[in-house]
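# Observations on the model geometry
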Amino acid sequence: MSKENPLSQLLNQNNYVIIDGALASELQRRGCDLNDSLWSAKVLIEQPDLIRQVHYDYFNAGADCAITASYQATPLGFAQKGISLAESINLIKQSVALAQQAKQQYLDQIKSDKLLVIAGSVGPYGAFLADGSEYTGNYQLSENEFIDFHQARMQALIEAKVDILACETLPNFVEIKALAKLLQHYPTMTAWFSLTLKDANHLSDGTPLVEVIDYLNQIDQVVSIGINCIALEKVSLALTELQTLTAKPLIVYPNSGEQYDPTTKLWHKNHQHNCSFDNQLPVWIKLGAKLIGGCCQTTPNDIAQIAHYLKAAN
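Reference entry: report on the structure contained in this document. One numbering rule holds for all chains: residues counted from 1, following each sequence as written. For this predicted model, a pLDDT threshold of at least 70 governs which residues receive local features, and a threshold of 80 or more governs which side-chain atom pairs are given and counted, while totals over whole chains, interfaces and linings are taken from all residues. Water and hydrogen atoms play no part in the side-chain values, which are based on all heavy atoms of the structure.

## Structural notes on unusual backbone geometry
Cut-off, in case you're wondering: Numbering of helices and strands runs from the N terminus, with a helix taken as a DSSP run of H or I at least four residues long and a strand as a DSSP run of E at least two residues long.
One non-glycine residue, Trp39, adopts positive backbone phi at about 50°. You will see that Lys161, though not glycine, has its phi angle at about 75°, which is positive. By the element assignment, Lys161 lies in the loop between helix 8 (143-159) and strand 4 (164-170).

This is how it looks when you write it as structure tokens:
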């Protein structure tokens, strides 16, 4: 039986949970070169203290939950850079320690023991491929191959004592089922599952969303379902669909609405919409969003804006 879900505790206290914002693009903003297949996991090796500082800045901006720098940190990805399995496991565990240190630094500063949550990021196989396929789901492995790919990282995150797992940016239904089965190997651990979509009714790989959510609804350890790294202007349609499919709390942490170029690893402005957190938050809340934060290209300022709005909404 899973332990008490920390997200439920936060929701009981505050009605909403504020997730942090982008890590990788924030590291780039602070001078890191992430044009690398390891992406933000490269900074775990080169400048770990900068990761701790970004986590701290998000807590300081009002985040209740930090997502670890393990999205692209996998033994297979590290092995391609000549890093041993033992060292890759240590780096994954270090991603948790850095978030925990930032949390403690913040709590010490404000002289509080309020509940803050560390979510261990479990990014998709598409992130390891580093070709943008987390937005298409255009890759095929068997369920067992996906389990083999994800197991060492998931176990390392759990051993490092994350509060919850963030199975995120998931575009592929076979992979989602593999992650859900793997989660059940660790019955005291809970997770959220956040997806990438082709449109409001389909997962990125084309699977009808109703099929995916029906599957996840049956797994008690999955305590929140939603979407991340979706463009701001597409969130409302997706939430409109999701709220009809699940009673689990909905999570949303969109990107800034810019478009990603997987070759250059850069984001480009898209001026075809006028959506902002400011004008979209009231809509998302009406559509049932309970856990809200930011993904790529969002900053501590965006999280401060979300925190300000949600605290006023209470």
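From this point, the discussion proceeds with the structure in view.
## Things to note about the nonpolar core
Here is the rule: Definition of nonpolar core: a set of buried residues of the types Ala, Val, Leu, Ile, Met, Phe, Trp, Tyr and Cys, connected through side-chain atoms within 4.5 Å. Here the term buried applies to any residue with accessible area under 20% of the maximum for its type, exposed to any over 50%, and partly exposed to those in between, with areas from a 1.4 Å probe on protein chains only. Whether two residues are in contact is decided by their heavy atoms, any of which lying within 4.5 Å being enough.
Within the largest apolar cluster, 117 residues are counted, with the highest numbers of intra-cluster contacts made by Leu165, Trp192, Phe193 and Trp284. Among the elements that take part in this core, helix 6 (residues 85-110) stands out by supplying nine residues, more than any other. Ignoring anything within four residues of it in the chain, the contact list for Leu165 reads Gly120, Val122, Met154, Leu157, Ile158, Leu183, Met189, Thr190, Ala191 and Trp192.

## Brief notes about the packing of aromatic side chains
So the rule is basically this: Classification of ring pairs uses Phe, Tyr and Trp, with its six-membered ring standing for Trp, and accepts pairs whose centres are within 6.5 Å; under 30 degrees between planes counts as stacked, over 60 as edge-to-face, and the remaining range as tilted. We call a charge positioned over a ring when the NZ of a Lys or the CZ of an Arg lies within 6 Å of the ring centre and within 35 degrees of the ring normal.
Applying the stated criterion across every chain, the model contains twelve aromatic pairs. Centre to centre, the rings of Tyr125 and Phe146 are 6.0 Å apart; their planes meet at 80°, and the pair counts as edge-to-face. Of this pair, Tyr125 sits in helix 7 (residues 125-129) while Phe146 sits in helix 8, and the two are 21 residues apart along the sequence. Side by side, Tyr125 and Phe146 carry an identical accessibility label, which is buried. Across from the ring centre of Tyr16, 4.9 Å away, lies the NZ or CZ of Lys290, which sits over that ring.

## Quick notes on the pairing of strand 9 (residues 250-253)
Our working definition: When DSSP finds two or more bridges between two strands, those strands count as paired. Handedness is read with the strands pointing away from the viewer; a crossover is right-handed when the path from the first strand over the helix to the second is clockwise.
Judged by which residues are buried, strand 9 turns out to be covered on both faces: Leu250 and Val252 on one side and Ile251 and Tyr253 on the other are all buried. For strand 8 (residues 222-228) and strand 9, the ladder comprises four bridges, and the chain directions are parallel. Note that in strand 9 the partner of Ile227 across the bridge is Val252. As for the winding sense of the linkage, the β-α-β connection from strand 8 through helix 11 (residues 235-245) to strand 9 is right-handed. Direction of pairing for strand 9 relative to strand 12 (residues 289-292): parallel, over a ladder of three bridges. Within the sheet, the bridge partner assigned to Val252 lies in strand 12 and is Ile292.

## A short note on the packing of helix 8 against helix 9 (residues 173-183)
For the record, the criterion: Angles run from 0 to 180 degrees between N-to-C directions of axes, and those axes are lines fitted to C-alpha atoms, restricted for helices to the stretch in contact. If an angle is under 35 degrees, it is roughly parallel; if it is over 145, roughly antiparallel; if it lies from 65 to 115, roughly perpendicular; otherwise it is oblique. The sense of a crossing depends on the near helix, which, turned anticlockwise from the far helix by less than a right angle, makes the crossing left-handed and, turned clockwise, makes it right-handed. As a working rule, the residues Ala, Val, Leu, Ile, Met, Phe, Trp, Tyr, Cys and Pro are called nonpolar, Asp, Glu, Lys and Arg charged, and the rest polar, with Gly in that last group.
Between helix 8 and helix 9, whose axes approach to 9 Å, the crossing angle comes to 50°. Here helix 8 is positioned oblique relative to helix 9, judged by the angle of their axes. Here the hand of the crossing between helix 8 and helix 9 comes out right-handed. Across the interface between the two elements, Glu143, Phe146, Ile147, His150, Gln151 and Met154 from helix 8 touch Val174, Glu175, Lys177, Ala178, Leu179, Lys181, Leu182 and Leu183 from helix 9. Residue composition of the contact of helix 8 with helix 9, by class: eight nonpolar, two polar and four charged.

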